[in-house]
Amino acid sequence: MTTVEEKAGSGGKRVSEDMLRAFFREMLLIRRFEEKVEERFRAGDLPGFLHVAIGQEAVATGVCAALEGDDVIASTHRAHGHAIAKGTPVERIMAELYGKQEGCSRGYGGSMHLYDLEVGNLGANAVVAGGIPAVVGSALAFQMRGEERVAVAFFGDGATNAGTFHESMNLAQLWKVPAVFVLENNGWAESTPATQHLPLPVDELGKRALAYGMKLIEGDGQDVEAVYLATRAARDHALSGAGPVLVHLRTHRLTGHYIGDPQVYRDKEELERERKTYDPIDLLRARLELSDGDFAALDAEVTAEVEASVEFAKAGTDPDPGDALKYVYA
Amino acid sequence: MPETTYREAVRDALRQALRQDESVFLMGEDIAEMGGSMAVTQGLLDEFGPKRVRNTPISEMAIVGSGIGAAIQGMRPVVEIMYEDFLTLSMEQLVNQAAKHRTMSGGQIKVPLTIRTQGGAGWSPGAQHAQQLEAWFVHVPGLKVVFASTPEDVRGLLWSAIYDDNPVVFFEHRTLYPIKGEVPDELEPIPLGEARIHREGEDVTVVATGRLVHEALAAAEQAESEGISVEVVDPRTLLPLDEETIIESVKKTTRCVTAHEAVTRGGFGAELAAVIQHAAFDWLDAPIERVGAKFAPLPFAPVMEQHVVPHAEDVLEAIKRTTARAG
């Protein structure tokens, strides 16, 4: 068995406090962005179908911080945090949610199809597991051309039951392409809990890597440092030619599947307990021992950034309906 | 290469593209040592090696999906789906991903991917190895669809498909692989979206695709001997469609038969009929006749298989039905 199981950070590696503070700022920016998106959707500003990643900010930030500029990601329906962390300015994401030409997909994509090729975001995907095979192919292209780049797929526990996931894992390991598969395991497939969609305990889902002889690295998805170290180790391994890596990050969705989800399927007391126990921003704030004053200053800063993104989006240009067919063919 | 087979013509386009361009590579089931289940890729592994002629697991979603990813990164992958029946397994990647990335990204992404596949009846494989599913893909904005019927066309069209910046589903017909035809010495790309008039005629236009082009030409010969002059047009590219050539032909002949091996109901002939009646309503002297397979999964026994799929006689009967109407 060539597969190695690792616990991120077990080698004693740590990231600097400065980096942690930068991570904290970005996670808070994602949180405030998501809260604003919920608010503007409820106010009737935003069309479409939206999913926020409140509770999963450490995954987006830690993974993307561990990547280099030329690396690429493919995201999921819960995409806003990934897009922010990969480097798309929040105003271009907000403009996309408002359906404006200034949006990162020029108003053609929406919340579930945020793209930004310039920063290496190959796109969010509204089909669960739908973006994974293209990550294998991107990594194959890098391998064939001898480029020092990795391709990263984000997906959740629900996606690991899709054939697309299994075929992609199998092919990626067979060809040892430089891919990193980030399993963002929040224990929910939309409204269906892991106990109803996984035949193994939710915390052991990473074992699926073993079936492909693929290296598995585990990390606590609420601990941004662990996420960063796990991804960094995975990137090194993938680029060494030893094959791709499954990075299993246990995380918590501290909100509904979509904005407006009444979560009738979820125990209210348990959700409250999770919010108090697993909020990655609270956890990092405590660890950094931020004073109330420091936190308030930082919060004001990112909140202003989010407010400015709304103003930018509202002032954006509506697409010409006649341009709807502009990009059907290259 | 004055005369060559359809099979060798496909291989020649692949070989020349692989020679010319490092970004071109092949992926598919059994395409390397075995040379493909239709022997199309024979010899290519020896010339180009296993990195560019890649055997894959039996994983159609991953074959097409990884082709999409490589294409997004600037490669020009040519993937082979062994039988078009198996395209059904890759539909999600083709329809939701390959076809839509460009629009969903607001024009940031290109997917220069070619998906070669083949199908067709005439050898009694039963219901899951001989379907003709090209019409499904014509319904999907963002895809291009090609169905070539001669050695010259298949070579020139495949070249254009490989160098098109969009995903192209490229249909070959199993029974056409051994047929021979003249091809130019030098590979001449045939632009996508241009129909070919195989035979000029005055009384009726037959718009045929794939194997039925040859059945239509045989029917036209017979009709000629009975005093009916038949024009045979092969669209070659179903999406985008060369509507102009087809409509001009029908305006000239005033009658039209569509012919394909796929089942008639919901087939490409339905789209052709709709386009033609709308553009040439005042010219038509008879209802457009559609020739296609009967509405059944293909049965195994040869006599039943032959009963279900259309032949030259079916085209000839349709020609006679349409010319029997008063002008």
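## Overview of the packing of helix H5 (residues 132–145) of chain A against helix H6 (residues 163–175) of chain A
Residue and element names in this part refer to chain A.
Piece 1. It is the contact of H5 with H6, at a shortest axis distance of 8 Å, that shows an interaxial angle of 15 degrees. Here H5 lies roughly parallel to H6, going by the angle between them. By crossing handedness, the relation of H5 to H6 is classed as left-handed. Of the residues in H6, those touching H5 at Ile132, Pro133, Val136, Ala139 and Leu140 are Thr164, Phe165, Ser168, Leu171, Ala172 and Trp175.
Piece 2. Here the contact of H5 with H6 is composed, by residue class, of nine nonpolar, two polar and no charged.

## Quick look at the nonpolar core
Piece 1. Core analysis: the biggest nonpolar cluster contains 196 residues, and Val152(A), Ala179(A), Val247(A), Val206(B) and Ile319(B) have the highest contact counts within it.
Piece 2. Here this core spans two domains, and each of domain 1 (3–182) and domain 2 (196–322) of chain B adds at least three residues to it.
Piece 3. Ala179(A) has contacts with Val135(A), Val136(A), Ala139(A), Val150(A), Ala151(A), Ala153(A), Ala172(A), Ala238(A) and Pro244(A), leaving out every residue within four places of it along the chain.

## Things to note about the sheet that holds strand E12 (residues 237–239) of chain B
Residues and elements named next belong to chain B.
Piece 1. Judged by pairing direction, the sheet is mixed, and its seven strands sit side by side in the order E3-E2-E4-E5-E7-E6-E12 without closing on themselves. Of all strands in the sheet, those bounded by a partner on one side alone are strand E3 (53–55) and E12. Adjacent strand axes in the sheet meet at a mean angle of 20 degrees when their direction is disregarded.
Piece 2. Bridge count between strand E2 (residues 24–28) and E3: three bridges; the pairing is parallel. In the strand pairing of E3, Gly28 is matched with Asn55.
Piece 3. Here helix H3 (residues 60–72) sits on the sheet and contacts E2, strand E4 (76–81) and strand E5 (114–119); the angle it forms with E4, its principal contact strand, is near 170 degrees.

## Some words on the domain arrangement of chain B
Residue and element names in this part refer to chain B.
Piece 1. We note that the domain assignment places domain 1 (3–182) and domain 2 (196–322) within chain B.
Piece 2. Measuring from the centre of the C-alpha atoms in domain 1 to the corresponding centre in domain 2 gives 26 Å.
Piece 3. For the side of domain 1 that touches domain 2, the elements supplying multiple residues, two or more each, are helix H6 (134–138), strand E6 (144–147), helix H7 (151–162) and strand E7 (168–173).
Piece 4. Considering each element in turn, the side of domain 1 that touches domain 2 owes the most residues, four residues, to E6.

## Structural notes on the interface of chain A and chain B
Piece 1. On the chain B side, the residues contacting the 33 residues of chain A number 34 residues.
Piece 2. Breaking the side of chain A that touches chain B down by element, the ones donating at least two residues are H5 and H6 of chain A.
Piece 3. The biggest single contributor to the side of chain A that touches chain B is H5(A), with nine residues.
Piece 4. Considering only residue class, the side of chain A that touches chain B consists of 18 nonpolar, 12 polar and three charged.

## Some remarks on the packing of helix H1 (residues 17–42) of chain A against helix H11 (residues 292–314) of chain A
Residue and element names in this part refer to chain A.
Piece 1. It is at 9 Å that the axes of H1 and H11 come closest, and there the two elements cross at 45 degrees. Taken together, the axes of H1 and H11 are oblique relative to one another. Note that H1 runs across H11; the crossing there is right-handed. Listed contacts from H11 to Arg25, Leu28, Leu29, Arg32, Phe33, Lys36 and Arg40 of H1 are Leu298, Asp299, Val302, Thr303, Glu305, Val306 and Val310.
Piece 2. Classifying every residue of the contact of H1 with H11 by side-chain character gives seven nonpolar, one polar and six charged.

## As for the sheet that holds strand E11 (residues 230–234) of chain B
All names here are of chain B.
Piece 1. If you walk across this open sheet you meet the five strands as E9-E11-E10-E13-E14, and the pairing is mixed. Edge positions in the open sheet fall to strand E9 (196–199) and strand E14 (289–293), since each of these has one partner strand only. The average angle at which neighbouring strand axes cross in this sheet is 25 degrees, direction not considered.
Piece 2. As defined by bridge partners, strand E10 (residues 204–208) adjoins E11 across four bridges and the pair is classed as parallel. In the sheet register, Val207 faces E11, and the bridge partner there is Val233.
Piece 3. This element, helix H12 (residues 312–324), spans E10, E11, strand E13 (256–263) and E14 of the sheet and lies at about 165 degrees to E14.

## Some points on the pairing of strand E3 (residues 151–156) of chain A
All names here are of chain A.
Piece 1. With six of its six residues buried, E3 lies for the most part within the structure.
Piece 2. Along E3, one buried face is formed by Ala151, Ala153 and Phe155 and the opposite face, lined by Val152, Phe154 and Gly156, is buried too.
Piece 3. Pairing of strand E2 (residues 72–74) with E3, which is carried by three bridges, proceeds in the parallel orientation. Bridge pairing in E3 links Ile73 to Val152.
Piece 4. Relative to strand E4 (residues 179–185), E3 runs parallel, the two sharing six bridges. For Ala153, the partnering residue across the bridge sits in E4 and is Phe181.

The rules behind the values
Residues numbered from 1 in each chain as written. Chains lettered and ligands numbered in written order. Predicted model: local features only at pLDDT ≥ 70, side-chain atom pairs only at ≥ 80, totals over all residues. Axes fitted to C-alpha atoms, helices over the stretch in contact; angles between N-to-C directions. Helix = DSSP H or I, 4+ residues; strand = E, 2+ residues; numbered from the N terminus. Parallel < 35°, antiparallel > 145°, perpendicular 65-115°, else oblique. Left-handed = near helix turned anticlockwise from the far one by under 90°. Contact = placed C-beta atoms within 7 Å. Nonpolar A, V, L, I, M, F, W, Y, C, P; charged D, E, K, R; others polar. Core = buried A, V, L, I, M, F, W, Y, C linked by C-beta atoms within 7 Å. Buried ≥ 20, exposed ≤ 12 C-beta atoms within 10 Å, placed from the backbone. Domains from an automatic or database assignment. Pairing = 2+ DSSP bridges.

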